[in-house]
Amino acid sequence: MKFFMEFATASLNKYGEELCGDKVEFLSEADTFIAVLSDGLGSGVKANILSTLTSKIAMTMLKEGLSIEEVVDTIIHTLPICSVRKLAYSTFSMIQVNQEGVAYIVEFDNPSVFFIRGGKIWQNPKQEKWINERHIYESHFFLEEKDTLVFVSDGVIHAGAGQVLNLGWSWNEVALYLQNLPIEQLSSKKITSSLLGVCEDLYIGHPGDDTTVATIKAIRPRTAVLFSGPPSDREKDEAVVEKLLHMAGKKIVCGGTAANIVSRITGREVQTSFEISDPRIPPIGHIQGVDLVTEGVLTLQGAVELLEKVRDSTDVSFLEATDGAALLARMLFEECTHIHMLVGRAINPAHQNPDFPQALSIKLNILYKLEKVLVELGKIVQIEII
């Protein structure tokens, strides 16, 4: 794709509810990006089921290349109008970005999307359309670098109603707040967290409605290559190190054996740091030409745990720690969009139960967990087994 769609979302449940009535689904692949925000009628379990059904239907159909008319028609026939309240059982906003950077947005009864370009809110021209007696809005436009789209459920624009504010936070006031943020300098995660934090304050910690923010930012791709584990064939060592050093982007080496292979092939010494900021995480190392050198299993597991916290938290200040796991997690989350993993198949006896097959090696399992959480955070990840 021309741009990478950096994506982040977070929600506040209505006070007293265990489940959120809003649901966000997204898909980030090499040639397309799709995101759907659905708001189910009411709150709690019923709303959660309705919004989940809506977002899953929309995501599956859009992924398969069906037209928006077919998607909306299917949703409308699956979730009809409530006979009592005369409201749609679920509202939604959808965005699809193709590899040329063209964004296509469809909105049905959700608050209008906030489109920020150059630090200003832009009112993108919309077309009204009727599909099976449902009024939707759609728009097409080319994205530019650092363009930001913020999707919200109505819990955002109603924040504070009857509490701090008489009528809640209006769309225009939310727009003014976003316009005053240094949007171009902030990541999608920080924009999402900032806006949701204000909503929580306006609700005085007791949200009166499910409240969801989803932020999409068009940025230039930033790559990284991560080498961990020795190749199954020692004769491949030189080729792997050559690939590591000549691929574009950040260079990361995880594991003592992998670091020693790089040192042996390049003739550059591994220098181990004696600084220990977290006793659970071994110290990092340094090799000339490599951006980050860490220990293997313990550091990778620590990084996975931190990235899972990033996925589920609004405050990510814990990534500012200086141990190897935090440095690795921060580099992968904040500095990379595409990660290529070079994963060796040779088994380290120290990591194995002798009754387990090779595919169940501890390090390999951790690396697959790392791939999973990075994909959930919107990264494009490729694993190459060597």
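Reference entry: report on the structure contained in this document.

Procedures and definitions
Residues numbered from 1 in each chain as written. Predicted model: local features only at pLDDT ≥ 70, side-chain atom pairs only at ≥ 80, totals over all residues. Heavy atoms only, no water. Helix = DSSP H or I, 4+ residues; strand = E, 2+ residues; numbered from the N terminus. Rg over C-alpha atoms; globule rule 2.2 N^0.38 Å. Buried < 20%, exposed > 50% of the residue type's maximum accessible area, 1.4 Å probe, protein only. Contact = heavy atoms within 4.5 Å. Areas by Shrake-Rupley, 256 points an atom, 1.4 Å probe, with all protein chains shown as cover. Lys, Arg positive; Asp, Glu negative; His and termini not counted. Charge placed at Lys NZ, Arg CZ, Asp CG, Glu CD. Arc of directions from axis to C-beta. Core = buried A, V, L, I, M, F, W, Y, C linked by side-chain atoms within 4.5 Å. Phe/Tyr/Trp six-rings, centres within 6.5 Å; stacked < 30°, edge-to-face > 60°. Salt bridge = Lys/Arg side-chain N within 4 Å of Asp/Glu carboxyl O.

1. A look at the overall build of the protein
The helix and strand tally for the protein stands at ten helices and 18 strands. For a compact globule of 386 residues, the expected C-alpha radius of gyration is about 21 Å, and the protein comes in at 23 Å, within 12% of that figure. For the protein, the C-alpha atoms occupy an extent of roughly 70 × 45 × 45 Å along the three principal directions. Within the protein, buried positions represent 51% of all 386 residues. Across the protein, every contact between residues at least 6 apart in sequence was considered, and the portion connecting residues at least 24 apart equals 70%. Of the roughly 17900 Å² that the protein leaves accessible, carbon and sulfur atoms contribute 52%. Taking the 35 positively charged and 50 negatively charged side chains of the protein as two groups, their mean positions are separated by 2 Å.

2. A short note on helix α4 (residues 171-180)
Among all positions in α4, only Trp171, Val174, Ala175 and Leu178 are buried. The arc enclosing the buried residues of α4, seen along the axis, measures out at 100°, which places them on a common side. Opposite the buried face of α4, by more than 90 degrees, sit the exposed residues Asn172, Leu176 and Asn180. Contacts from the buried residues of α4 go to β6 (114-117), β7 (120-122), β10 (148-152), α3 (154-157) and α5 (188-202).

3. Let's talk about the nonpolar core
The tendency in soluble globular proteins is for nonpolar side chains to be buried side by side. Counting residues in each nonpolar core, the largest one holds 35 residues, and the members touching the most others are Ile252, Leu328, Met341 and Leu370. Listing elements by their share of this core, those giving two or more residues are β12 (223-228), β13 (250-254), α8 (297-312), α9 (324-334), β17 (338-343) and α10 (362-376). With near-sequence residues (within four places) excluded, Met341 lies in contact with Leu226, Leu367, Leu370, Glu371, Leu374, Val381, Gln382, Ile383 and Glu384. Counting 25 residues, the second-largest nonpolar core is a separate cluster that includes Trp169, Trp171, Leu181 and Leu202.

4. A few points about the packing of aromatic side chains
Inspection of every chain in the model, using the stated rule, returns seven aromatic pairs. Between the aromatic rings of Phe114 and Trp171, the centroid separation amounts to 4.5 Å while the plane-to-plane angle is 15°, which identifies the pairing as stacked. Of this pair, Phe114 sits in strand β6 while Trp171 sits in helix α4; the two residues are 57 residues apart in sequence, bridging distant segments of the chain. Look at Trp169 and Tyr177: their rings are 5.7 Å apart centre to centre, the planes differ by 55°, and that puts the pair in the tilted class.

5. Structural notes on the environment of Ser193
Checked against the element boundaries, Ser193 lands in helix α5. Among the residues examined, Ser193 registers a relative accessible area of 16% and is labelled buried. For Ser193 and Thr74, which are 119 residues apart along the polypeptide, the C-alpha to C-alpha distance reads 33 Å.

6. Topic: the pattern of salt bridges
In this structure the tally under the stated criterion is 13 salt bridges. Ionic pairing is found between Glu145 and Arg220, a salt bridge with its closest N-O pair at 3.3 Å. Here the residue Glu145 occupies a position in the loop between β9 (134-142) and β10, and Arg220 occupies one in the loop between β11 (211-219) and β12, the gap between them amounting to 75 residues. A residue is classified by how much of its surface remains accessible, and Glu145, at 39% relative accessible area, is partly exposed. When its relative accessible area of 42% is taken as the criterion, Arg220 is described as partly exposed. Residue Arg280 is joined to Asp278 by a salt bridge in which the shortest nitrogen-to-oxygen separation is 2.8 Å.

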